[in-house]
Structure formats: structure tokens, C-alpha cells
Amino acid sequence: LGIAWLGPQLRAWDVDVTTPSGRRVPIDRLRVHPAWSLSWLRGMPSLAVAVRSPLGEVDGTLRVGPQPAFDGTLKQFDLAQLPLDLIAPGASLDGRGDAELDLEMVDTGVEGSARFDVRDGSFGLPMLPIGVPFDGLHGDIVLGGETLAKIDAFEMTGPLLQVTAKGTLGQAPATTLAPLALEAQIE
């Protein structure tokens, strides 16, 4: 415990977190302190969070309460840690990426924006016998509103495949049933 910017601060080193599923998450450094935010006046605390881990780095503001939110960046994040099975069972994604996130959990789901850049990775689908490598993957997505997701920009370049796309993924009770309006070019 300490003081930072005239407020309390929690700092920790060499932390091991075990999730309910038994998965171990190593954290090299962790720092949390109250963030300057008007959300405190609405009874929703906001915390400035900085995490350094072999899985990646997180810097941003986390709002806790009935409508949690995160506004910040991820750096060198290990994409293999993403829970892809929730939206695409059998899919895999490898590589390290950076992202800028401004997300909020609301009654209808997640709203906000996400911009990401990934280098030197690969993706796999259940119907493909091998992973497909890529040199770069860039996306600019808006979540929520009248659609589940609006893809403003998506570009993947690699030795086997080049894809550019934009469009929308509509609202549906299950992601696999969501209407897709996508304009894409695949080479």
C-alpha cells in the first residue's frame, strides 16, 4: 500500500491468479488506485489500473458497479488467451496484439469501440486442417446500438490470404444466428 497523486495506491509484484476454471494467470506487476472521474459522484467507483504480465500489458480506467466499463489500452496481448469458444467454438487465434478499448457493459450487452493491431499470428477454424498465418491484422469495430457490431475496418494480410472487410453483425438471441451484412474482398 502507498500514496500516489494524493490518494491511496495498491502495488503488487509476482502475483499468481487462479481462475475458477483452474487456469493460472501470472502477473509481474500490478498497480491500482482511484481514478479521477465523475462516476464517483454517481456511486460508481473508477480505478486506474496498470498490469504487466507475460500475457500482455493493461493500462486504463476500470469502472466498477452495475454497469462496469473499461477505457484503456492493451499492449503485446497474447491472443491465445481470448475466450473465442464463446463466440466461435473450435476457432483459435495466435499472436501478439495491441488494442485501444472503450467498452461498457449495459443491459443489452457490451457497447463501445475497439481498435486493434496484431502482427505475426495465425488463426484456425474447425474446418481447416492447419492454422492460417498472417503478417498483420487490423480492425476498427463499434459494439452495441442497433447492431451487435459495426465493422468500420478489417484488414488481414499474409502469405496465403489477404482480406479487407466492413459491414455489420445484427442483433440476435445467439451470435451464430445474427444477420451478417458484410462487404469483403478476399484474395
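Since this is a predicted model, take the numbers as computed values, not measurements.

1. A look at the pairing of strand β8 (residues 109-124)
Move 1: Examined bridge by bridge, strand β7 (residues 92-106) and β8 share 14 bridges and lie antiparallel to one another. For Val-106, the partnering residue across the bridge sits in β8 and is Gly-109.
Move 2: Linking β7 to β8, which pair antiparallel, is a turn of 2 residues.
Move 3: Taken together, the 11 bridges between β8 and strand β9 (residues 132-143) define a ladder with antiparallel strand orientation. Paired with Val-118 across the two strands is Leu-137, which belongs to β9.

2. Topic: the side chain of His-33
Move 1: Structurally, His-33 can be placed in strand β3 (residues 24-34).
Move 2: For His-33, a relative accessible area of 15% translates into the label buried.
Move 3: Other than its neighbours up to four places away in sequence, His-33 contacts Pro-8, Gln-9, Ser-46, Leu-47 and Ala-48.

3. Considering the environment of Phe-116
Move 1: With respect to the helices and strands, Phe-116 occurs in strand β8.
Move 2: C-alpha separation for the pair Phe-116 and Asp-135, spaced 19 residues apart in sequence, amounts to 14 Å.

4. Things to note about unusual backbone geometry
Move 1: The residue Gln-76 is not glycine, and still its phi comes out positive at about 50°.
Move 2: The residue Gln-76 is located in strand β6 (residues 69-78) in this model.
Move 3: Residues other than glycine seldom take positive phi values, yet Asp-120 does so here, at roughly 50°.
Move 4: Relative to the helices and strands, Asp-120 resides in strand β8.
Move 5: Since its relative accessible area comes to 60%, Asp-120 is described here as exposed.

5. Considering the pattern of salt bridges
Move 1: In this structure the tally under the stated criterion is 7 salt bridges.
Move 2: Between Asp-59 and Arg-52 there is a salt bridge, with its nearest N and O atoms 3.0 Å apart.
Move 3: Judged by relative accessible area, Asp-59 falls into the partly exposed class, the value being 22%.
Move 4: One salt bridge connects Asp-152 with Lys-150, and the closest N-O pair in it is separated by 3.3 Å.
Move 5: Residues joined by salt bridges that share partners form a network here, namely Arg-52, Glu-57 and Asp-59.

About the thresholds
- Residues numbered from 1 in each chain as written.
- Predicted model: local features only at pLDDT ≥ 70, side-chain atom pairs only at ≥ 80, totals over all residues.
- Heavy atoms only, no water.
- Pairing = 2+ DSSP bridges.
- Helix = DSSP H or I, 4+ residues; strand = E, 2+ residues; numbered from the N terminus.
- Buried < 20%, exposed > 50% of the residue type's maximum accessible area, 1.4 Å probe, protein only.
- Contact = heavy atoms within 4.5 Å.
- Salt bridge = Lys/Arg side-chain N within 4 Å of Asp/Glu carboxyl O.

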